[in-house]
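# Close look at the chain arrangement
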Amino acid sequence: MGNQRRELFCVNFFTLLIGWNVLALITASADVTDRSSSLSYFLFQSTENPKDCQEILNTCSNTQNASGVYKIKPAGFPEPFEVYCDKDLRSDGWTVIQRRTNGFINFNRNWDDYKHGFGFLGSEFWLGNEKIAHLTNQKKYQLRMDFTNATGHSYHVTYDDFRIVDEWSQYSIQSLGEEGGNADPDPEWCPSNTRFSNSTCERRCTEPNTCITSGSMESERCICPDGYMIQGEDCIPESQCGCFLQEKGRVLNIRQCIIETFDDESFVNSDCTYRVNCIDNRLSYEDDYRCSDNATCQERDGVRGCICNHRFEGDGVTCIEPAKDCYEIYKTGIHVDGVYTIYPSGWEDSGFQVYCEMSTDGGGWTVLQRRRSGSVNFYRGWNEYKDGFESPSSDHWLGNDKIHDLSVQRSYQLKVDLTDSAGSQYYALYSTFSIGDERDKYTLSLGSYSGNAGYNSMNWNNGDPFSTHDRDNDGTNFVNCAEKHRGAWWYPHRNYYSYNYCIYFSQSGHYYSCTDSNLNGDYQYSGSRGIFWYNLPGNDCRLKGTKMRIRPVG
């Protein structure tokens, strides 16, 4: 850590003293402790107050050369005041102007506090700049600063001509004189995230299990505290160290080393015969890591690993045959929700991505539609509903062409999940589901209904073609249902009177509705333009969640 290996100071006790015209250096260590319990007070019968501690201790026989609190009156100061006089340094009369021993007193103070002084003379205090200015301008004074570090060793620095000026000049140091003492002439403090210690053992991020012993074997120095390690010139938390890998010559980094679907920080060797993970800042080797027969060892975006070949799904170690739906993926043992590529009939070469629900209701569900927020606009045209829009991992419509090809390759059931504005959940399950192709206008075919959603609200949609605002297939002669309901749906070939405000719209002085369900309407709009399911328990008109998903029957 560079110059941090020098002998540095992390101070526990710090005392400033001044002595009148003292030229000889005092080599004894100062033991400045809390003397509040043994303070002595003395009165003087004199016509003139002493100006400093040197005058007190040289003129008063009854003091018996004792350290304690005395009263002085420097020249020009309006009133006498108390100071602490120190005789422990075996020299005449040191006047203590500052002491810090235990952190009891807050030294983060304002100008006036430092001007007048604060604290307790028996423990921690600052004498006050106004008093120090008058005191140091009446004679020539030596300044002595005493330090005690965390291990109990004491040091001091002296300056043989110390004086500060008055408030007008902002109490600037006017003079210091020559420096002396037994401390480093250029002391430094332990940087942040280090501590002063006599330990010689530290650990680096690159070698977390090895104790690094200082070459000079200093007994006291700044080192990284527990929970930190050396990285370059700094001490950083162990959690940020990662793991050092000799093959890469550096610490594994999450942002650079994630491979495909692996969640852990990983490194794979050049022929993909083993993988190394960084788990809890320790290296873990997987010697049984091998690529599947249907995978290739390759590098993508600077990351090497086993990658499944085209049309195959998996993590590279396991690659499954092209699946026609999520249920086929589920049967291979993959039970994690997420986006997968499937290859239904007619899509054997390209396939397309879907969201698979593998962990609920028995798994293997292919999601056709999902709405969880108002972030996606569902008021779209025919072509967008034909091809699908938005990512399968978020709110989306899979696409009518894809839904058709999926739904006709085998017999599927449909589950519609509904969440009302209070968070209550309901479902409608249809025993069979399919839609026609574009020539058939994606006509809906449903089996029998069951569930807890109350009324079978898709009953009237069964057998109807799909409509969008720009392709009106609802069969009515005086209204565009997709426009009125602000959606795209299998709207029935009729209009009927309705007095349920959740689903009706006004037309020619009458109230009408085209459908009892409208899952692609405006998000959380209260009325016929919104997402609704007729007669849902609680009669909630502002659904905040919908999902349509299919799974093979049986």
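Here goes a summary of the coordinates provided. (Residues numbered from 1 in each chain as written. Predicted model: local features only at pLDDT ≥ 70, side-chain atom pairs only at ≥ 80, totals over all residues. Heavy atoms only, no water.)

For the protein, the count of helices and strands is eight helices and 39 strands. Looking at the 554 residues of the protein, the share that counts as buried comes to 48%. In the protein, once contacts between residues fewer than 6 apart in sequence are set aside, the share between residues at least 24 apart is 53%. Summed over all atoms, the accessible surface of the protein reaches about 26500 Å², with 44% contributed by carbon and sulfur. (Helix = DSSP H or I, 4+ residues; strand = E, 2+ residues; numbered from the N terminus. Buried < 20%, exposed > 50% of the residue type's maximum accessible area, 1.4 Å probe, protein only. Contact = heavy atoms within 4.5 Å. Areas by Shrake-Rupley, 256 points an atom, 1.4 Å probe, with all protein chains shown as cover.)

Here we come to the state of the cysteines. Counted under the stated rule, the structure contains seven disulfides. Covalently, Cys308 is tied to Cys319 through a disulfide, its sulfur atoms 2.1 Å apart. For the disulfide bridge between Cys308 and Cys319, the dihedral angle about the S-S bond is near -90°, and by the sign convention the bridge is left-handed. Placement of Cys308 in strand S23 (residues 303–308) and of Cys319 in strand S25 (residues 319–320) is noted, with a sequence separation of 11 residues between them. Each member of the pair, Cys308 as well as Cys319, is classed as buried. (Disulfide = S-S within 2.5 Å.)

Attention now goes to the side chain of Asn400. Structurally, Asn400 is set in helix H7 (residues 400–407). Aside from chain neighbours lying at most four places away, what touches Asn400 is Tyr385, Lys386, Ile435, Tyr442 and Phe466.

Per the stated rule, a full pass over the model turns up 21 salt bridges. The residue Arg486 makes a salt bridge to Asp522 at a minimum N-O spacing of 3.5 Å. Of this pair, Arg486 sits in the loop between helix H8 (481–484) and strand S34 (496–497) while Asp522 sits in the loop between strand S37 (517–518) and strand S38 (532–533); the two residues are 36 residues apart in sequence, bridging distant segments of the chain. One network of salt bridges, in which partners are shared, links Glu357, Asp361, Lys415, Asp417, Lys547 and Arg549. (Salt bridge = Lys/Arg side-chain N within 4 Å of Asp/Glu carboxyl O.)

Before going further, it helps to examine the side chain of Lys402. Position of Lys402 among the secondary structure elements: in helix H7. The buried charged residue Lys402 lacks any salt bridge, with Asp387 as its nearest oppositely charged partner at 6.1 Å. Leaving out residues up to four positions away in the same chain, Lys402 has contacts with Trp347, Phe352 and Asp387. (Lys, Arg positive; Asp, Glu negative; His and termini not counted.)

Next up on the list: the packing of aromatic side chains. All chains considered together, the criterion is met by 19 aromatic pairs. Seen from their ring centres, Phe107 and Phe118 are 5.1 Å apart, and the 75° between their planes marks the pair as edge-to-face. Taken together, the residues span a long stretch of sequence, with Phe107 in the loop between strand S4 (94–100) and helix H2 (111–116) and Phe118 in strand S5 (residues 118–119) at a distance of 11 residues. A network of ring pairs unites the aromatic residues Phe378, Trp382, Tyr385, Phe389, Trp397, Tyr442, Phe466, Trp489 and Trp490 as a single cluster. In this structure, Arg380 packs its charged tip against the face of Phe389, placed 4.3 Å from the ring centre. (Phe/Tyr/Trp six-rings, centres within 6.5 Å; stacked < 30°, edge-to-face > 60°. Lys NZ or Arg CZ within 6 Å of the ring centre and 35° of its normal.)

Next up on the list: the nonpolar core. Residues Trp397, Val416, Phe433, Trp533 and Met548 are the most contacted members of the largest nonpolar core, which totals 53 residues. For Trp533, the residues in contact, after removing those within four places along its chain, are Val416, Leu418, Ala428, Tyr430, Ala453, Tyr455, Ser457, Met458, Asp516, Ser517, Leu519 and Leu543. Membership of the second largest hydrophobic core comes to 32 residues, among which are Cys85, Val96, Ile132 and Phe147. (Core = buried A, V, L, I, M, F, W, Y, C linked by side-chain atoms within 4.5 Å.)

Moving on to the pairing of strand S3 (residues 81–86). Judged by how many residues are buried, S3 sits mostly within the fold: five of six residues are covered. Inspection of the sheet shows strand S2 (residues 68–72) paired to S3 by five bridges, in the antiparallel sense. Bridged to Lys71 within S3 is Glu82. (Pairing = 2+ DSSP bridges.)

We note that Tyr171 has phi near 55°; this positive angle belongs to a residue other than glycine. Position of Tyr171 relative to the elements: it lies in the loop between strand S8 (154–164) and strand S9 (173–175). Judged by its relative accessible area of 8%, Tyr171 is buried. Phi at Cys272 is positive, roughly 55°, even though this residue is not glycine. Looking at the secondary structure, you find Cys272 in the loop between strand S19 (265–268) and strand S20 (275–279).

Residue class for Asn400 comes out buried when judged on its relative accessible area of 1%. Taking the C-alpha atoms as reference points, Asn400 and Phe466, 66 residues apart in sequence, are found 9.2 Å from one another.

A few words now on H7. By the criterion of burial, H7 is predominantly enclosed, with six of the eight residues buried. Buried within H7 we find Asn400, Lys402, Ile403, His404, Leu406 and Ser407.

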